[in-house]
Amino acid sequence: MAITRLTQRKVKAICYYVSSWFVATIGYAVLAQYASTGEFNKQTTLFALQLAIFMGLSHGIYDVLVLQDEMDHRPAYAALLMKSAFYLSCIFANITICVLLWYSDHTALITEDTIGHLIEAFKTPRFQILALYLFLMGHLITFVRSVHKKFGTRVFVNTLLGKYQDPVEEDLVFMFIDLRRSTAIAEELGHVTYSNFMKDYYRLLSNCTEENHGEIYQIAGDGAFLTWKTSACKNIAHPINCFYDFSICLEKTKHRFMKKYGIAPSFKVGAHCGKVIATEVGNFGSEMAYHGDVLNATARIQSLCAKLGQEFLISEELFEILPKPFEHGYLCKKEGFFELRGRKKEILIFSLQKPLTNPN
């Protein structure tokens, strides 16, 4: 049975927590040993490895499976208190398990001898410093994960490396997704309810984007720009797969939207590719920005959806690089040449037709 992209995303997130705790715990053990004795103790390092696995799994399972790897909707102070309590309970529980396992005689886990070692461990300053360090690392690892989720892997790593401090040319695919009837929906629901409606809508979109290895570059009201590296779309049609997944996702959650808001969302899409300039703009509150005609052309292509009565339009440039035949049974139709506002040269537009039946 094939592993779904949702499962892959969750496994990937849990692996992040395990690897982060591995680096944090092993690093602390090595530095602490070197500072105290100038030598590395293999037993202490193995104990740290055991602790890293327990901390990583407990942290990952809590964030990915319990919190569903989503934003914490509780007030900031409540979320901070709950996470702090979770980290403290995990630290004491995992250290207790590790000490008991370490000193057990392989016949019984809880004995008078192991309890004695555990009490002595709790009394030592070294344990107290370790507990404080693990507590702070728990918050740091969660913070890094939150920043990574906000910017995406590629932008996050390249920003850390300082790649975008100077303008860099990149070849990217852009897909602009626009919510249908957004103005009418906003008037019908009111500002507060409409805001919750959009949060639910974009939560589903961000999950589908992540599962198809894309990034959300920008959200502007009822529209969002998604992006992929062009080279990554030559073997796998990520934009089309994302469109399909999001369509199926909205179809499956239609009853929830109808029950909660009385309205179910639908959308239209335009996609294009080409070279853009990527750079970090601003000083305080800086952000990533892409400059180039590709983004404007993508938005203009999407605006043709209403005129042509289509849900998904792509440019000839993108059509040429995507692998064919398309997955999920999509059919491609040549719509003709169109002059986009701001461009002198006409562009050939293709539409993608949904399959008559959705594959299982």
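Data block above holds the structure.
For clarity, every value in this text was computed on a predicted model and none was experimentally measured. (Residues numbered from 1 in each chain as written. Predicted model: local features only at pLDDT ≥ 70, side-chain atom pairs only at ≥ 80, totals over all residues. Heavy atoms only, no water.)

A. Geometry of the nonpolar core. Met 175, Ile 177, Phe 197, Tyr 201, Phe 246 and Phe 312 are the most contacted members of the largest nonpolar core, which totals 44 residues. Once residues lying within four places of it in the same chain are set aside, the contact partners of Phe 312 are Met 175, Pro 239, Ile 240, Phe 243, Val 269, Ala 271, Cys 305, Phe 350, Ser 351 and Leu 352. (Core = buried A, V, L, I, M, F, W, Y, C linked by side-chain atoms within 4.5 Å. Buried < 20%, exposed > 50% of the residue type's maximum accessible area, 1.4 Å probe, protein only. Contact = heavy atoms within 4.5 Å.)

B. Main features of unusual backbone geometry. The backbone of Arg 181 shows a phi angle near 55 degrees, a positive value even though the residue is not glycine. By the secondary structure assignment, Arg 181 is in the loop between strand 1 (168–179) and helix 7 (182–189). We note that His 213 has phi near 60 degrees; this positive angle belongs to a residue other than glycine. Tracing the backbone through its elements, the reader meets His 213 in the loop between helix 8 (191–211) and strand 2 (215–220). A relative accessible area of 55% places His 213 in the exposed class. (Helix = DSSP H or I, 4+ residues; strand = E, 2+ residues; numbered from the N terminus.)

C. Up close: the packing of aromatic side chains. Applying the stated criterion to the full structure yields 24 aromatic pairs. Arranged with centres 3.9 Å apart and planes meeting at 15 degrees, the rings of Tyr 62 and Phe 86 form a pair that is stacked. You can see Tyr 62 sitting in helix 2 (residues 42–66) and its partner Phe 86 sitting in helix 3 (residues 76–103), a full 24 residues away along the chain. By the burial criterion, Tyr 62 is buried, and Phe 86 matches it. Ring pairing ties together the aromatic residues Tyr 201, Tyr 202, Phe 243, Tyr 244, Phe 246, Phe 267, Phe 312 and Tyr 330, which thus form one cluster. (Phe/Tyr/Trp six-rings, centres within 6.5 Å; stacked < 30°, edge-to-face > 60°.)

D. Layout of the pattern of salt bridges. Scanning the entire structure with this criterion turns up 2 salt bridges. Residue Lys 260 is joined to Asp 200 by a salt bridge in which the shortest nitrogen-to-oxygen separation is 3.1 Å. On the criterion of sequence distance, the pair formed by Lys 260 in helix 10 (residues 254–261) and Asp 200 in helix 8 is long-range, its members being 60 residues apart. Under the relative-accessibility criterion, Lys 260 is labelled exposed at 55%. The class for Asp 200 is buried, based on a relative accessible area of 17%. (Salt bridge = Lys/Arg side-chain N within 4 Å of Asp/Glu carboxyl O.)

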